[in-house]
Amino acid sequence: MNKSPFKIINMKIKYISIIFLGVSSLSYAQQVKDTLIKESKIDEVAITGSRNKKRTVTNTPVPIDIIDIKQVSQATGQVEVNQLLQFAAPSFNSNKQSGSDGADAVDPATLRGLGPDQTLLLLNGKRYHQSSLINLFGTKGRGNTGYDMNTIPIGAIKRVEVLRDGASAQYGSDAIAGVINVILNDRDKGFEGNAFYGMNLFKSPGNNDVVSDHKIDGGTFDFSGNLGTKIGSKGGFGNFTAEFINKEYAIRNANPAMYTSPRQRFGDAKAQNVYFFGNIELPLSDGLKFYSRQGFSHRNTKAYAWTRTPDADGNIPEVYPNGFNPIENTSITDFTFDNGLKFKVADWEVDFYNAFGNNRFTYDINNTINATLGVKSPTDFYAGGHSLLQNTTGFNAVRQFKVLEGLNVAFGSEFRYEKFNIIKGEQASYTMYDQNGNPVTRDTPEALLVTNPLSGNVRPGGSQGFPGYSTDIGKSRNNFAAYVDTELDITKNWMISVAGRFENYNDFGSTLNGKFATRYAFTPQFAFRGSVSTGFRAPSLAQKYYSQQFTNFQGGQLVTIQLASNDSKLANSLGIPQLKQETSVNGSAGFTFNTGKFTATVDGYYIQVKNRIVLTGYFARADLPADVQAENPYIDQVQFFSNAIDTRTKGVDLILSYNENIGPGKLTATLAGNYNDMEITKVNTSEQLAGKEDIYLSAREKAFILASAPKTKVNLNLNYKINKFNVNLQMVRFDKVTLIGYDGTEQIYNPKVTTDLSFGYEFSKNLNLTLGSKNLFNRYPTLQTTQVSSGNTESGGIFDPVQMGFAGRQVFLRMNFKF
């Protein structure tokens, strides 16, 4: 959570080869040194993972990756941060979801295969607020909250720094897998614009398994403008970004002539994003500086839910004679407002700040029905939503001492307040009505229930596709934190770092975590680095208090599921304990090697997590006590949030880079790979559920957790630049992924390779154009032809959103201009 001020020395960059997030600290520095042309120069840059203002990216004891967002986005077809990093970094994984309720609008992202909420996100060094969404149905990271990096526009970002190491002892909760620090643009003059248009040119992945009314869809338009201006005469500046993105549907239906698919509208959702971000720094006097960062984003997403057939219990044929496809119309409004003062006190550099963030997520369900209201039912419902507010006030202080080759001491403290709300929807969005139009209660006679005359089943209540929230909930908490972070250069070749952090939460208690790291340079070319640390993640307010009743398709059948909050009677009746913090032990060791033109880095890691919070499997009515069954007569299954599992993750990051002048141009090559092996070492059941571990966490749920990252992922990037022309080739290999269907059968997604190719030309210093294609050869995940007809794929489509996603080939044109 705490972080000293970033000392960012501006780098004048005219040209740079594409540098990927997977590039390690040393390889990044060498690539920049070797590929920057003419004016380029790097001085000192304070970075994530170190509060030493003299520590650069080349001499940290843990792996730090840096990506220049402007340069990378210019050569790719990505317009959102998550998707850009997905194809740039081997250890980062994020997929567009489909049929996953709110996750269709927020891409769950993971680092090193851990949960979406086990990586901390910072904005200019300050803790960013999480999304209020909790991933539940049909998506990876289920049971986890997380950060929505797509609330930050690419046009506002200068660079992204990634610390690939446990850092809870430095930054607090969530930093188990690592830390991602987004640095905003700080240019103080000129205007830069970017215009992008891309569209999917696709064909069926095989034997006409996928049909569409046309072969072109998914049109994406993005326009951003970034203005920098000086403020005053003492070095103040303002940098402002506005951006608009419009993305159309990319539908990949299974061919109805070949399969009985439970979804007729499977694919990427339609979305519109609007952003405004500002970054202001203003010297108030000698030694006193004020800064302010403002951010606003609004995203409207329209995603298709599962199809309701004409004779479905949830359909009224008089209203929808051919059945219907409900549309989840979500609205996400996100706001951030960070302010602070930087000044000196007795040689201590102090940063005093307040960081505020709020995320509001609401649902309108269109083209749907409440079947218990019959033909009188509305077809559009306001289903409510959820919101999360976070406010952090703190300070950091850092000072250099002349001890041996240099001692850096930093300390700080902060106080954070969080509030989570569930927003109640309109009554008809969540209510089951009887034949007289009255809400059904425990006392409603069975003869008055509304039934489907075709099946004889009781019709489900609420808006089909996404039942609304039935109650308003508001829960809050606060925590206090204090830390010390030290670095000592014992010799010019050997440094050590020791950090410790104490935190107290008013809802579960205190934690104390520590970290030790070291780096030793055997020669100017070869160095060893390593670290060991403990970490934690506090249970989110959403995990503690989220509650909802919803419908789900399992094996093609509609069932009613109650997700009971952790403090509910339902959870207590099964002995589900109160949520507590997850704890971790991290270890890493590696080396860096540099010969000038060639660099290599290898970093092995070990992450053990205990009491990891996940969403349990579904407990049938028969597993519930008799009195609970009587109180909940229309619930088919129940699930909970619980500290259910312990996991152990082992892996290796390997990065090789080489650059060479070839003919009149320059070639830069980077090969980056990640090997990641996770295992679930223990399932922690309550005493009352002992022996039911396979329900508590079924084989299917285990498969989803283990599929958060492919076992291996390899990125190859080749960039050749000659005068004003450059070409960029990127290939990414995704390893095999195995999921398990509702019927217990394995769904194998074989290894796949995607190829991206782009050509760029610089017409002048102020105008350049890029033409390219991502997924050039139109690769799709392995077709699940035996699963889709039985409704056993998680998304209801002919494949699930794994590996590279399912939109197929895209061609794009991007223009960058400035004046």
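Structure: above.
Rules used in this analysis
Residues numbered from 1 in each chain as written. Predicted model: local features only at pLDDT ≥ 70, side-chain atom pairs only at ≥ 80, totals over all residues. Heavy atoms only, no water. Helix = DSSP H or I, 4+ residues; strand = E, 2+ residues; numbered from the N terminus. Rg over C-alpha atoms; globule rule 2.2 N^0.38 Å. Contact = heavy atoms within 4.5 Å. Areas by Shrake-Rupley, 256 points an atom, 1.4 Å probe, with all protein chains shown as cover. Lys, Arg positive; Asp, Glu negative; His and termini not counted. Charge placed at Lys NZ, Arg CZ, Asp CG, Glu CD. Pairing = 2+ DSSP bridges. Core = buried A, V, L, I, M, F, W, Y, C linked by side-chain atoms within 4.5 Å. Buried < 20%, exposed > 50% of the residue type's maximum accessible area, 1.4 Å probe, protein only. Polar contact = N/O pair within 3.5 Å; in protein donor to acceptor, adjacent residues only side chain to side chain. Patch = residues over 30% accessible without salt bridge, like charges linked within 9 Å, V, L, I, M, F, W, Y side chains within 5 Å. Salt bridge = Lys/Arg side-chain N within 4 Å of Asp/Glu carboxyl O. Phe/Tyr/Trp six-rings, centres within 6.5 Å; stacked < 30°, edge-to-face > 60°. Lys NZ or Arg CZ within 6 Å of the ring centre and 35° of its normal.

(A) Molecular detail of the overall build of the protein. Check the secondary structure of the protein and you find 9 helices and 39 strands. Computed over the C-alpha atoms, the radius of gyration of the protein is 27 Å, within 12% of the 28 Å expected from 2.2 N^0.38 for a compact globule of 819 residues. In the protein, the proportion of contacts linking residues at least 24 apart, taken out of those at least 6 apart, comes to 71%. When the accessible surface of the protein is split by element, carbon and sulfur atoms take 56% of a total near 29,100 Å². Treating the 83 positive side-chain charges of the protein as one cloud and the 74 negative ones as another, the clouds have centres 8 Å apart.

(B) Representation of the pairing of strand E16 (residues 288-304) in the model. Two elements, strand E15 (residues 270-285) and E16, share 15 bridges in a ladder whose sense is antiparallel. Bridging from a neighbouring strand, Ile280 pairs with Ser292 of E16. What sits between E15 and E16 in their antiparallel hairpin is a turn of 2 residues, with Gly287 showing a positive phi close to 85°. Bridge analysis of E16 against strand E17 (residues 327-345) gives 17 bridges, and the strand direction is antiparallel. Its bridge partner lying in E17, Ala303 is registered against Glu328.

(C) The arrangement of the nonpolar core in detail. In this structure, Phe92, Val160, Val179 and Phe640 are the most contacted members of the largest nonpolar core, which totals 63 residues. The residues contacting Val179, other than those within four sequence positions of it, are Thr48, Thr119, Leu120, Leu122, Glu161, Val162, Leu163, Ala167 and Tyr171. Of all hydrophobic cores here, the second largest spans 27 residues; its members include Ile134, Phe466, Tyr545 and Leu615.

(D) Representation of the side chain of Asn452 within the structure. Position of Asn452 among the secondary structure elements: in the loop between strand E20 (407-423) and strand E21 (473-489). According to the relative accessible area criterion, Asn452 is buried, its value standing at 2%. Engagement of the side chain of Asn452 in a polar contact is seen with the side chain of Asp313, the distance being 2.8 Å. Discounting residues that sit within four places of it in the chain, Asn452 has contacts with Asp311, Ala312, Asp313, Asn457 and Arg459.

(E) Spatial organisation of the side chain of Gln390. Considering the arrangement of structural elements, one finds Gln390 in strand E19 (residues 381-401). With near-sequence residues (within four places) excluded, Gln390 lies in contact with Arg127, Tyr128, His129, Gln130, Ala355, Phe356, Gly357, Arg416, Tyr417 and Glu418.

(F) Highlighting a nonpolar patch on the surface. On the surface, Phe725, Phe759, Tyr761, Phe763, Leu767 and Met815 cluster together into a nonpolar patch covering about 510 Å² of accessible area. Looking at the nonpolar patch, the element that brings in the most residues is strand E37 (residues 752-764), giving 3 residues. By the secondary structure assignment, Tyr761 is in strand E37.

(G) Inspection of the pairing of strand E27 (residues 582-594) at higher detail. Bridge count for strand E24 (residues 526-537) against E27 is 12 bridges, and the pairing is antiparallel. Within E27, the residue paired with Phe536 across the bridge is Thr583. Hairpin connection between E27 and strand E28 (residues 598-615): a loop of 3 residues separates the two successive antiparallel strands, and Gly596 in this loop has a positive phi of roughly 110°.

(H) Structural context of unusual backbone geometry. Here the phi dihedral of Asn124 falls at roughly 50°; this positive angle occurs in a residue that is not glycine. Given a relative accessible area of 9%, Asn124 falls into the buried group. One non-glycine residue, Asp347, adopts positive backbone phi at about 70°.

(I) Expanded view of the packing of aromatic side chains. Here the structure, examined in full by the defined rule, presents 30 aromatic pairs. Pairing Tyr363 with Phe466 gives two aromatic rings, centres 4.2 Å apart and planes at 15°, and the pair type is stacked. Taken as a pair, Tyr363 in strand E18 (residues 348-366) and Phe466 in the loop between E20 and E21 lie far apart in primary sequence, 103 residues in all. An aromatic cluster is built from Phe361, Tyr363, Phe466, Tyr469 and Tyr546, whose rings are joined through pairwise contacts. For the cation-ring pair, Arg112 lies above Tyr605, with the distance from its terminal atom to the ring centre recorded as 3.7 Å. A cation over a ring is seen here: Arg142 above Phe704, with NZ or CZ 4.0 Å from the ring centre.

(J) Spatial organisation of the pattern of salt bridges. Throughout the structure, instances matching the rule amount to 35 salt bridges. Salt-bridge contacts for Arg159 lead to Glu161; the nearest nitrogen and oxygen are separated by 2.8 Å. Accessibility expressed as a relative area gives 0% for Glu161, which makes it buried. Each member of the salt-bridge network shares a partner with another, and the members are Asp65, Arg112, Arg164 and Asp653.

(K) The arrangement of the sheet that holds strand E4 (residues 119-123) in detail. Ordered by their spatial adjacency, 5 strands build an open sheet running E1-E6-E7-E4-E5, and the pairing between neighbours is mixed. Of all strands in the sheet, those with a lone pairing partner are strand E1 (64-67) and strand E5 (126-127), marking the two edges. Two strands pair when backbone bridges link them, and strand E6 (residues 157-163) and strand E7 (residues 178-184) are joined in this way by 6 bridges, in the antiparallel orientation. Bridge pairing in E7 places Ile157 opposite Leu184.

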